[in-house]
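# Breakdown of the fold
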Amino acid sequence: MTAEHKESAVEAQATATRDIYIPSERASVSGGGRPHVVAKDFSIYYGDFQAVKKVNADILSQYVTAIIGPSGCGKSTFLRAINRMNDLIPSCHTTGMLQFDGEDVYGKLTDEVLLRKKIGMVFQKPNPFPKSIFDNIAYGPRLHGMTDRKQLQAIVEKSLRKAALWDEVSDRLDRNALGLSGGQQQRLCVARTLAVEPEILLLDEPTSALDPKATAKIEDLIQELRGSYTIMIVTHNMQQASRVSDYTMFFYEGELVEYAETAQLFTNPKDRMTEDYITGRFS
Amino acid sequence: MNLGTRKILDNSFTAVGMGSIVVMALALLVVLTPIVYNGVGSVFFTGTIEHRTMLYKEFGRGDAKAIETQTATADRYRAEAYRMLSDFEQEMEGMSLEASRQYRSKYAPVRAAMSSLLGPLPGDPVPMLTRFQYGQTRWEKAEEKLHNILYEKKWDYSDPTVMAKAFDVPRAEEFAGTKLAPLFSYAERHLADMMQPQFTVYWGFFTDRSLDAHIFGGIWPEIQGTFFLAIGAMLFAFPLGVIAAVYFTEYAKEGFFTSILRSANSTLAGVPSIVFGLFGLAFFINTMKVSESKSVLAGALTLAIMILPTIIRAAEEAILSVPKTYKEASLGLGSTKWNTIVTVILPAALPGIITGGIISLGRAAGETAPIIFTAAVSVGSAIGIADVFSSPTPALSWNIYNLASEHEMASEIRHVQYGMVLSLVSIVLLLNLSAILLRAKISQKLKG
Ligand SMILES: Nc1ncnc2c1ncn2[C@@H]1O[C@H](COP(=O)(O)OP(=O)(O)O)[C@@H](O)[C@H]1O
Ligand SMILES: [Mg+2]
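Residues numbered from 1 in each chain as written. Chains lettered and ligands numbered in written order. Predicted model: local features only at pLDDT ≥ 70, side-chain atom pairs only at ≥ 80, totals over all residues. Heavy atoms only, no water.

## Some thoughts on the packing of aromatic side chains
Each pair of aromatic rings is reported with the distance of its centres and the angle of its planes. For the record, the criterion: Each Phe, Tyr or Trp ring (for Trp, its six-membered ring) is paired with any other whose centre lies within 6.5 Å, and the angle between the two planes then decides the class: stacked below 30 degrees, edge-to-face above 60, tilted in between. Secondary structure elements are taken from DSSP: a helix is a run of H or I of four residues or more, a strand is a run of E of two residues or more, and numbering for both begins at the N terminus. Here the term buried applies to any residue with accessible area under 20% of the maximum for its type, exposed to any over 50%, and partly exposed to those in between, with areas from a 1.4 Å probe on protein chains only. Should the NZ of a Lys or the CZ of an Arg lie within 6 Å of a ring centre and within 35 degrees of the ring normal, that charge is described as sitting over the ring.
For the structure on display, the rule yields 21 aromatic pairs over all chains. Between A:Y63 and A:Y247, the ring centres sit 5.7 Å apart and the planes meet at 90°, which makes this aromatic pair edge-to-face. Here the residue A:Y63 occupies a position in the loop between β2 (49–60) and β3 (64–68), and A:Y247 occupies one in strand β9 (residues 247–252), the gap between them amounting to 184 residues. Comparing A:Y63 with A:Y247 shows no difference in burial state: the two are buried. Cluster of aromatic residues (ring-pair linked, three or more members): B:F44, B:F199, B:W203, B:F205 and B:F206. If you follow B:K337 out to its NZ or CZ, it ends over the ring of B:Y251, 4.6 Å from the centre.

## Focus: a nonpolar patch on the surface
Residues and elements named next belong to chain B. Short version of the rule: Residues form patches when they are more than 30% accessible in relative terms and have no salt bridge. Like charges link within 9 Å. Nonpolar side chains (Val, Leu, Ile, Met, Phe, Trp, Tyr) link within 5 Å. Each accessible area is a Shrake-Rupley estimate made with a 1.4 Å probe; only the visible protein chains count as cover when residues are assessed. Here, a salt bridge means any Lys or Arg side-chain nitrogen found within 4 Å of an Asp or Glu carboxyl oxygen.
A cluster of nonpolar residues, V36, V40, F44, F199, V201 and W203, forms a patch on the protein surface that exposes about 560 Å² of accessible area. Looking at the nonpolar patch, the elements with two or more residues in it are α1 (3–40) and β4 (198–201). Assignment of secondary structure puts F44 in strand β1 (residues 44–47).

## Points about the nonpolar core
Residues and elements named next belong to chain B. Applied cut-off: Among buried residues, those of type Ala, Val, Leu, Ile, Met, Phe, Trp, Tyr and Cys that are joined through side-chain atoms within 4.5 Å constitute a nonpolar core. Segmentation into domains, and thus their bounds, comes from an automatic or database assignment. Whether two residues are in contact is decided by their heavy atoms: any pair within 4.5 Å suffices.
In this structure, I307 and I371 are the most contacted members of the largest nonpolar core, which totals 56 residues. Going through the elements one at a time, α2 (49–59), α9 (220–251), α12 (296–320), α14 (337–366), α16 (396–405) and α17 (414–447) are the ones with two or more residues in this core. Per-element accounting of this core gives the leading share, 10 residues, to α17. Shared between two domains, this core holds at least three residues of each, these being domain 1 (45–150 + 176–202) and domain 2 (220–447). Filtering out sequence-adjacent residues up to four positions away, I307 remains in contact with A233, M234, A237, S360, R363 and A364.

## Describing the pairing of strand β7 (residues 200–204) of chain A
Residue and element names in this part refer to chain A. What counts is decided by this rule: The pairing criterion for strands is at least two bridges between them, as found by DSSP. Consider the strands pointing away from the viewer: the crossover is right-handed when the path from the first strand over the helix to the second runs clockwise.
A large share of β7 lies buried, amounting to 5 of its 5 residues. Burial along β7 is two-sided: I200, L202 and D204 facing one way and L201 and L203 facing the other are all buried. Of the strand pairs in this sheet, strand β6 (residues 119–122) and β7 are connected by 4 bridges, and their pairing is parallel. For M121, the partnering residue across the bridge sits in β7 and is L202. One ladder, built from 5 bridges, connects β7 with strand β8 (residues 230–234); its direction is parallel. Bridge pairing links D204 to V234 in β8. In this fold, the crossover linking β7 to β8 by way of helix α7 (residues 212–225) has right-handed handedness.

## Here's the deal with the site of ligand 1
Residues and elements named next belong to chain A. Which entries qualify depends on this criterion: The near set for a molecule or strand comprises every residue that places at least one heavy atom within 4 Å of it. Polar contacts, as counted here, are pairs of nitrogen or oxygen atoms within 3.5 Å of one another; within protein the pair requires one atom able to donate a hydrogen and one able to accept it, and residues that are adjacent in sequence qualify only if both atoms are side-chain atoms.
Around ligand 1, the neighbouring residues are Y46, F49, A51, S71, G72, C73, G74, K75, S76, T77 and I89. Contact distances for ligand 1 include 3.1 Å between an oxygen atom and a backbone N or O atom of G74. Between an oxygen atom of ligand 1 and a side-chain N or O atom of T77, the distance comes to 2.4 Å. In isolation ligand 1 has 550 Å² of accessible area, and contact with the protein removes 62% of it. When contributions to the shell around ligand 1 are tallied by element, the ones reaching two or more residues are β2 and α1 (75–82).

## A few points about the side chain of B:H415
For B:H415, the position within the fold is in helix α17. Excluding residues within four positions of it along the chain, B:H415 makes contact with B:S42, B:R138 and B:F205.

## A closer look at the side chain of A:T230
Residues and elements named next belong to chain A. Position of T230 among the secondary structure elements: in strand β8. Among the polar contacts made by the side chain of T230, one reaches the side chain of H36 at a distance of 2.7 Å. If we skip the residues at most four places from it in the chain, T230 touches H36, I59, L60, S61, Q62, Y63, E199, I200 and L201.

## Thoughts on the domain arrangement of chain B
When the parts of a complex come together, some accessible area is lost, and that lost area is often used as the size of the interface. Residues and elements named next belong to chain B. Counted only if it meets this: Here's the idea: put two parts together, see how much 1.4 Å probe accessible area each one loses, and the total over both is what we call buried area.
By domain assignment, chain B separates into domain 1 (45–150 + 176–202) and domain 2 (220–447). For domain 1 and domain 2, the distance between their C-alpha centroids amounts to 49 Å. Opposite the 5 residues of domain 1 that make contact, domain 2 presents 5 residues. Approximately 450 Å² of surface area, both sides summed, lies buried where domain 1 meets domain 2, with 41% of it carried by carbon and sulfur atoms. When the area that domain 1 buries against domain 2 is broken down by residue, the three leading residues are R131, R138 and K141, summing to 81%. Counting across the domain 1 and domain 2 interface gives 2 salt bridges. For the salt bridge of E408 with R131, the shortest nitrogen-to-oxygen distance reads 3.0 Å. Applying the counting rule to domain 1 against domain 2 returns 3 residue pairs in polar contact (both at pLDDT 80 or more).

As structure tokens, this is what we get:
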């Protein structure tokens, strides 16, 4: 179910029957659209339990890809497999092939530390370190050898600006990050990830712990970042998927049921199961 | 179970719980009150001119002028008493052989008691032992000695079915009609004049060396030894314990080997401390030969082994309580496992780790058994930091035991013993208090 390469803007098919907002027009991203992450018969197991089943998909660079599906269908498992966060779970193993930039993610020679530097992740619950705002953002750059205070300051500012948080925190960078509001903390986590200058951003339900206002800010942020980063976002909120993404993957019980341009998937799903899910017949 | 019984049960549990807390508080009060009262008495007390003279001669401290005038006054009153003694001695010369022998045997204890109160009597050779070179340095002790002068203690054996009872016989009656007779009322009247009592604050108790096995002087060697041993133990046990905890929580694969290690650690935590003491002697001194015989090093190593399980456990718990999300966040940024542990997990676990460490430090400071065979001596001077590899040291815990049970003049220096107990209790309490404060401070910083 490889998504088709998108060149032109998506025409909104007016489908007033569904209360899902479909952007009328999405600009194509120049220079984007090459297969950034490629899954070939890719399965993930927890012990004997197959949580993700033989997924075949190309994730296209610079675009936003949403992953939707009912709880427990393997969305997080699939997302965490991409930067090998599942390595933390001893029982977890994979079969098939997953490539990042043409390289085997699970290859014997792959350095998962380097991989995670290129594929950053933001988690469901905001998880800033119990350090100052500055130290949170500078954590990654320092880790990778940056020590010069000036350089660090520059990158902290740049990252916070990109995460649309600079104006709110520029006067209290030395305060503990845990003092920020939930929404600010989540944007801080995005900024922290951006500071490492990754190519891919993985977002696992980044707004599920946030109020609507903070959610809107994160969604705006995703729009801002679209085009500069390949973004994958897991969400159980279909409106959100339709608002922020260019492509959508629908998972059901570990299987990738449908993967298409977001507008198409929501207006004209090919699979009955997809249709049932997005119309709310089950959840 | 119906509502009524449940309520009764609940209430009785509450009552029992409250009751036991009250009992514990009372027990603590009963134990701590005499310790604090008597311990404070080793620093704040009514001292005599003998105390001031002793401090001046042995430690070179004090107001020489004041001591001189007070000594002159005291000596004037003492001279009178001394005169009575020598008059009586002369009187005995002129007595019949029989009478003089009788008086002589009664007179000997009086003379001894006088010497114990006032120090060497005129004409006596200067004693070799420091303890006999001075009279009583504390007022309450002087009063005790006065009692010994005034009364002879006799035992009533008339009823063989009960223990013999002690009763006092005034000596004045025994010497009635002799030239010694006026001494008793004189001594009673002029005790203060002879001793010059004065409220004394003796901070030197904590910082002075001990003189003649704690008869005079302070307990600095013990305090210093306690610190050396406890801190030395921490130097070994803390890093090792934290590393072991990191291994257990982050690296060890669950399996046979790990579970053996874990249960070994738990077992070690329950081993009686005397066993560690013997182990320390057998292993560190006899086998490893870290030192010729007892040394601070051997004691610190032994204590380290003893507190290691506690530190490991506390650190393990602290590390496990660090939210998993911190680890994920760090790894997600491309950090290595080791780096994540050092820069994120350990700092976040620090409050717990430090608490465990300081509580262990308190335990190391307080334990006696592990150092009996490995490090402690009952009498000794403070050792230099360079001597820790080869010299044993006095330490509070061991010397408290020693003063309570083995010291030949234990009953004369109870105040020193209480002073040591109070010092040890204070050190341990202070350590625990600082652990609580430090923890609160770091937690505060982590919370933002
Ligand atoms: N650590 C784990 N060990 C075993 N099974 C797991 C683990 N994590 C998730 N699973 C199982 O894998 C399936 C997919 O989980 P997940 O990827 O978290 O779902 P989603 O994010 O779509 O809600 C679920 O059935 C879940 O129970
Ligand atoms: Mg999930």
